[in-house]
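Listed here are the chains, written in short residue letters.
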Amino acid sequence: MWVQGQIMGVLRSLIFLLSFQLLHTAKGSLVWLNESGYEDLVVAINPRVPEDANIILNTVTMIKDASNYLFEATKHRFFFKSVKIILPKTWGKNSTYSRLKTESYDKADVIIADPYLKYGDDPYTLQYGGCAMKGRYIHFTPNFLLDSSLVKIYGEKGRVFVHEWAHLRWGVFDEYNSNAPFYVSENARVEATRCSAGVTGKPVFQNCIGNQCTTRECQYDGQLYEAGCEFVPDLNQDSKNSIMYMQYLPSVVEFCDKDTHNYEAPNMQNKMCNYKSTWEIIMESDDFNNSPGVDGLAPPFETTFQLLQTQDRAVSLVLDVSGSMSSSKRITNLRAAAEAFLIQIIEVGSRVGIVTFSSTAQEKSPLIQITSMATRQKLVQSLPTSANGGTKICAGIEKGLEIITTAIGTTYGSEIVLLTDGEDSSMSTCREKVKESGAIIHTIALGPSAAAELEEFSNITGGLQLYAVDVDVPIKLVEAFSGITTGSGDISEQSIQLESRDQAVTASEWINNTVTIDKTVGNDTFFVFSWSNSQPFFFVRDPKGKEYGSSDFTVDSSNLKTARLSISGTAEAGDWHYYIQNVATVSQTVSVTVTSRAASSDVSPVILKAYMEKANVSPYPVIVYAEISQNFLPVLGATVIATIEKDGADAVSLPLYDSGTGADMTKNDGIYSSYFTSLSGSGRYSLKVSAQGRNQTIRLGRRQNRALYVPGYIENGKIQMNAPRPELADEEIQANLGSFSRISTTSIKLDNIPQDYPPCKITDLDAYIENETIVLTWTAPGGVLYDGKADHYIIKSDANLLSLRDEFDDATSVDAFNLKPQEAGNAETLRFKPENLTIENGTVIYIAMRAVNDKNLTSDTSNIAKATWFIPPKASVPTDEDNASDGVNITLIVAFVAGCVVLVCIIVSSTVCILQKQKKRRDPASRM
């Protein structure tokens, strides 16, 4: 165990474990900038990682090195001041470990976890949004931290950390491109995709048979180098501006800036950030503008570290029972939803207590540890059944904190679930107490009149902000409670929502639907049916035909409008069918929810996470995101539908796409996105995302934003190659994936909503030359962002990329008068012959476009496409002087003529081949 002996002594010399500083709770576990020092950087170790002291030691060393490198790279402006490392509760206990406060694994900035199938150690940063938008987290594998041989492949760990930190904090992107490692430059040369262009090296092809590898010069495949050709840099060189390309190089100590940026390279930094350098984006950040910089050659403080350890959950339900809760079946729905939380959602081992509040607060149950169904049922019996009186939210919070302190002696790391439908003008009186408590407060706003200040308690403690519209059945509140799962990182403990559906059913009408229980889930599976008036007829049929009727369900005697079916053991994998008939003589609302847990701790289930946020660029549209993954790998090919609701407005259904167009930034990254434009004023919106996967279409993908796997280096003219990057076979990467159903919910509070939107920016414009004609392809935007269709396009061309970017209106127009835009999402094509330009070897032309809608609102300028015509130099052909003859030789003449004929045939066939290969270079999504 790492806590023993000499290792503890080393750790004590490295970190200040005993100095417990008060957590800056304004952003929970998110990093904040204290002048020039980043405070409260949170690193979390996944519960599946075996205990190993060296992971902690190497993490400490990595971040210390990163702090010094970051300080130099940002011209003495930023460094890491304080770091918290979260250890899983599965690791050995130690008195020097601190309790968590509002930090948690699921909010960590850096995650240390094994990769899928324990195969590959590429660091990466998960990025959802566009340029200058913060990422979600950095992922390092334990092996990356422990295996010193990987330094040859990725570079020094501190340097890699700074590369990933730039992704996470400032929203910049990579300056390499594994899918397009080479491009034709403006000076008609094939160049490596890199920044800066001053990085020297040579293209090398490595051929491996087993463990035996040989290298040779790369050959042309028509215009570029052949597939598999890699750029191998010189280890020693002059270039120092290249942190987002190859921080591995000893000379590299800065980010590319305006003067050194390679705007020609077909990389994500150019595509996403409008051809600006990484340093320009960093200089535009809030961090840069709020940091004065530091005088001196080293950071003014050494990075301090604190070890925290995850504990079992301590949760206090603080429930509103004021008079307003007696209307619209709210108290009945509250009881049913809280019952679902206690029976189905909260994890074994957690401690849960119940407090109610109206004009005063009452303890309904002290904290009880969940050890069995009996303890769950005991808590259910304490749930409220009636409501009256006023609304004193602070009284409820203070009582909730009190019962937690009584049970565990502290409120650090505890949670309060605060549910209310009303307002309280005195909420500010307990704000400081909440901030200092070290507890996380999750808020659930019920209905249209819940206190406007409610979300502030979540903001200052890092809790969830949830909202449920007011309906006749408890399903909206159940959806809200379902999101309050453990933040420990142990997915096998979490309740996973497979189905959540409600609909109005007329007299005698049937609901016949299917929910898939895939082989990664099945433990603690529950079907819950609720109704607004009288009990319907219902039954459930499993994949083998076994039926469960109403007698197999449990109906709570205090809530006769909800029935629950518990499936014993592990539920049969496959499609489960449920059938419900409204046997009443009038219409009523019926709802269905299905939850389950992982079938095994050894196999990660498919996870769905829903998000909704405003973009950080004009016109600030709202974007809905759904991330689907299995053990960190993206899940592709799912059907994803978002449902957005607001009190007083109709529900809106919105398909989400992983196409790399519209709101979706990257194709096939498992993040499905769409713009939400059907806004009905300011206020709270709830989001429910449903994801369905079928065997015929679903598959796993690979992380696209992976750290550069350095192929090798050149030192003193000698090529030193690394082993080829290990790759998963398709059958290996899809081995555990099948059909599935998932539901995820969240909410957002919106103000200052724009009224009109232009067409969205076109991001996949591509261009190529065919028969002296330029061919453009792109995906049609909408008339309103990615909805409907545009009115017309404005297309421009220029011989200079930056001129086209900066002076679009003055560039040469391309005739697109007869091109009528299609509906959003359709493929568009335009062919044209450029005026006053002769296409010849070395031709380079840039094209960009805008879309205009019927209100004359214009989109941002698209990505800039480059069309090139380049015929690579032919290899020299050796001559055989020994065959020369002074005399006339008929045989030689015949051979010469025959050779000429063959040569002409080769030239013709080569030209045809080149043209065919150029036609294939048309999918920018596969290269960007």
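Residues numbered from 1 in each chain as written. Predicted model: local features only at pLDDT ≥ 70, side-chain atom pairs only at ≥ 80, totals over all residues. Heavy atoms only, no water.

## Structural notes on the overall build of the protein chain
Link 1 in the chain: Broken down by element type, the protein chain carries 19 helices and 48 strands.
Link 2 in the chain: Taken against the 2.2 N^0.38 rule, which gives 30 Å for 928 residues, the C-alpha radius of gyration of the protein chain at 31 Å falls within 12% of a compact globule.
Link 3 in the chain: Over its C-alpha atoms, taken along the principal directions, the protein chain stretches across nearly 115 × 70 × 55 Å.
Link 4 in the chain: Going through the 928 residues of the protein chain one by one, you find that 57% of them count as buried.
Link 5 in the chain: Pairs at least 24 residues apart make up 75% of the contacts formed inside the protein chain by residues separated by at least 6 positions.
Link 6 in the chain: With the model as given, the accessible surface of the protein chain reaches about 38,400 Å², and the carbon-plus-sulfur share is 48%. (Helix = DSSP H or I, 4+ residues; strand = E, 2+ residues; numbered from the N terminus. Rg over C-alpha atoms; globule rule 2.2 N^0.38 Å. Buried < 20%, exposed > 50% of the residue type's maximum accessible area, 1.4 Å probe, protein only. Contact = heavy atoms within 4.5 Å. Areas by Shrake-Rupley, 256 points an atom, 1.4 Å probe, with all protein chains shown as cover.)

## So, the pairing of strand β3 (residues 41–45)
Link 1 in the chain: Burial of β3 is extensive: five of the five residues sit out of reach of the surface.
Link 2 in the chain: Because side chains alternate across β3, one face comprises the buried residues L41, V43 and I45, and the other comprises V42 and A44, equally buried.
Link 3 in the chain: Looking at chain direction, β3 and strand β5 (residues 82–87) are connected through four bridges and run parallel. Across the sheet, residue L41 finds its bridge partner in β5, namely V83.
Link 4 in the chain: Here β3 runs beside strand β7 (residues 110–112); their pairing, made up of three bridges, is parallel. Bridged to V43 within β7 is V110. (Pairing = 2+ DSSP bridges.)

## What to know about the environment of D312
Link 1 in the chain: Of note, D312 is situated in the loop between β15 (304–309) and β16 (314–320).
Link 2 in the chain: When the C-alpha atoms of D312 and R216 are compared, they prove to be 58 Å apart, with 96 residues separating the residues in sequence.
Link 3 in the chain: Aside from chain neighbours lying at most four places away, what touches D312 is K89, G349 and Q369.
Link 4 in the chain: A polar contact is formed between the side chain of D312 and the side chain of K89, at a distance of 2.9 Å. (Polar contact = N/O pair within 3.5 Å; in protein donor to acceptor, adjacent residues only side chain to side chain.)

## Section: the side chain of E415
Link 1 in the chain: Position of E415 relative to the elements: it lies in strand β19 (residues 415–420).
Link 2 in the chain: Here H442 takes part through its side chain, which lies 2.8 Å from a polar atom of the side chain of E415.
Link 3 in the chain: Every residue in contact with E415, bar those within four places of it in the chain, is listed here: R313, A314, V315, S316, I404, I440, H442 and I484.

## A closer look at the sheet that holds strand β34 (residues 639–645)
Link 1 in the chain: In spatial order, the strands read β35-β34-β37-β41; together these four strands make up an open sheet with antiparallel pairing. Looking at strand neighbours, the two that pair on one side only are β35 (652–656) and β41 (740–750), the edges of this open sheet. Across the sheet, the mean angle separating the axes of adjacent strands is 20° when strand polarity is ignored.
Link 2 in the chain: Of the strand pairs in this sheet, strand β37 (residues 683–693) and β41 are connected by eleven bridges, and their pairing is antiparallel. Paired with A691 across the two strands is R742, which belongs to β41. (Axes fitted to C-alpha atoms, helices over the stretch in contact; angles between N-to-C directions.)

## Considerations on the pairing of strand β24 (residues 521–531)
Link 1 in the chain: A large share of β24 lies buried, amounting to nine of its eleven residues.
Link 2 in the chain: Here β24 runs beside strand β30 (residues 588–598); their pairing, made up of eight bridges, is antiparallel. Within β30, the residue paired with F527 across the bridge is V594.
Link 3 in the chain: Looking at chain direction, β24 and strand β28 (residues 562–570) are connected through seven bridges and run antiparallel.

## Overview of the packing of aromatic side chains
Link 1 in the chain: All chains considered together, the criterion is met by 32 aromatic pairs.
Link 2 in the chain: Between Y128 and Y625, the aromatic rings sit 5.3 Å apart at their centres with planes inclined by 55°, giving tilted as the arrangement. With Y128 in the loop between β8 (124–126) and β9 (137–140) and Y625 in strand β32 (residues 622–630), the pair connects residues that are 497 residues apart, well separated along the chain.
Link 3 in the chain: Judged by its relative accessible area of 4%, Y128 falls in the buried class.
Link 4 in the chain: Take Y625: its relative accessible area is 1%, and that puts it in the buried class.
Link 5 in the chain: Between Y220 and Y225 the ring centres are 5.1 Å apart and the planes differ by 20°, which places this aromatic pair in the stacked class.
Link 6 in the chain: Assessed through its relative accessible area of 34%, Y220 is described here as partly exposed. (Phe/Tyr/Trp six-rings, centres within 6.5 Å; stacked < 30°, edge-to-face > 60°.)

## A short note on the packing of helix α10 (residues 330–345) against helix α11 (residues 373–380)
Working note: a packed helix pair is described by the angle between its axes plus the distance between those axes.
Link 1 in the chain: Between α10 and α11, the shortest axis-to-axis distance is 9 Å and the interhelical angle comes to 160°. Judged by the inter-axis angle, α10 sits roughly antiparallel to α11. Relative to α11, α10 is oriented so that their crossing is right-handed. Between α10 and α11, the contacting residues are R335, E339, L342, I343 and Q344 on the first element and M373, R376, Q377, L379 and V380 on the second. (Parallel < 35°, antiparallel > 145°, perpendicular 65-115°, else oblique. Left-handed = near helix turned anticlockwise from the far one by under 90°.)

## Section: the state of the cysteines
Link 1 in the chain: On inspection of all chains with the given rule, the structure shows five disulfides.
Link 2 in the chain: The disulfide bridge from C218 ends at C229, spanning 2.0 Å between sulfur atoms. The S-S bond linking C218 to C229 shows a torsion near 95°; that makes this disulfide right-handed. A residue pair is termed long-range when its members are at least 10 positions apart, and C218 in the loop between β13 (212–217) and β14 (229–233) and C229 in strand β14 qualify at eleven residues. For the pair shown, C218 and C229 are each scored as buried.
Link 3 in the chain: Counting its disulfide-bonded cysteines in sequence order, the protein chain shows a connectivity of 1-8, 2-7, 3-4, 5-6, 9-10.
Link 4 in the chain: Counting only cysteine sulfurs, C131 is the nearest neighbor of C760, a cysteine outside any disulfide, at a range of 17 Å. (Disulfide = S-S within 2.5 Å.)

## Focus on unusual backbone geometry
Link 1 in the chain: Put simply, C195 and S196 share a cis peptide bond, and its omega is 5°.
Link 2 in the chain: Going from S618 to P619, the amide bond is cis rather than trans, its omega being 5°.
Link 3 in the chain: Inspection of the secondary structure assignment puts P619 in the loop between β31 (606–614) and β32.
Link 4 in the chain: At S508, a position not held by glycine, the phi torsion is positive, near 70°.
Link 5 in the chain: Tracing the backbone through its elements, the reader meets S508 in the loop between β22 (496–505) and β23 (510–517).
Link 6 in the chain: Despite not being glycine, N752 shows a phi value in the positive range, around 50°.

## Digging into the nonpolar core
Link 1 in the chain: Ranked by internal contacts, the top residues of the largest apolar core, which has 79 residues, are I85, F161, W165, W170 and F255.
Link 2 in the chain: Ranked by residue count, the leading element in this core is helix α2 (residues 53–73), at nine residues.
Link 3 in the chain: With residues near it in sequence (within four places) discarded, F255 still touches A73, T74, V162, A166, W170, N241, I243, M244, T278, W279 and I282.
Link 4 in the chain: Counting residues in each nonpolar core, the second largest holds 59 residues, with L100, L656, L679 and I748 among its members. (Core = buried A, V, L, I, M, F, W, Y, C linked by side-chain atoms within 4.5 Å.)

## Side note on the pattern of salt bridges
Link 1 in the chain: Evaluation of the coordinates by the stated rule reveals 41 salt bridges.
Link 2 in the chain: In this structure, K84 and E103 form a salt bridge, with 3.0 Å as the shortest nitrogen-oxygen distance. In this pair, K84 is assigned in strand β5 and E103 in the loop between β6 (98–99) and β7, connecting sequence segments 19 residues apart. For the residue pair K84 and E103, the accessibility class agrees, reading buried in each case.
Link 3 in the chain: Measuring nitrogen to oxygen at the nearest pair gives 2.6 Å for the salt bridge that ties D470 to R330. One end of the pair, D470, is in the loop between β21 (465–468) and α15 (475–482); the other, R330, is in helix α10, with 140 residues separating them in the sequence.
Link 4 in the chain: On the accessibility criterion, D470 (24% relative accessible area) is partly exposed. (Salt bridge = Lys/Arg side-chain N within 4 Å of Asp/Glu carboxyl O.)

## Description of the sheet that holds β28
Link 1 in the chain: Strand order in the open sheet formed by five strands is β22-β30-β24-β28-β27, with antiparallel pairing between adjacent strands. Every other strand in the sheet has two partners, leaving β22 and β27 (554–555) as the edge strands with one partner each.
Link 2 in the chain: In this structure, β27 lies alongside β28, joined through two bridges in antiparallel fashion. The residue of β28 that forms the bridge with T554 is R564.
Link 3 in the chain: Running at roughly 5° to β28, α10 makes contact with β24, β28 and β30 of the sheet.
Link 4 in the chain: Of the strands in this sheet, β22 and β30 touch α15, which is tilted by about 165° from β22.

It is worth stressing that arrangement in space is one thing and function is another; only the former is reported here.
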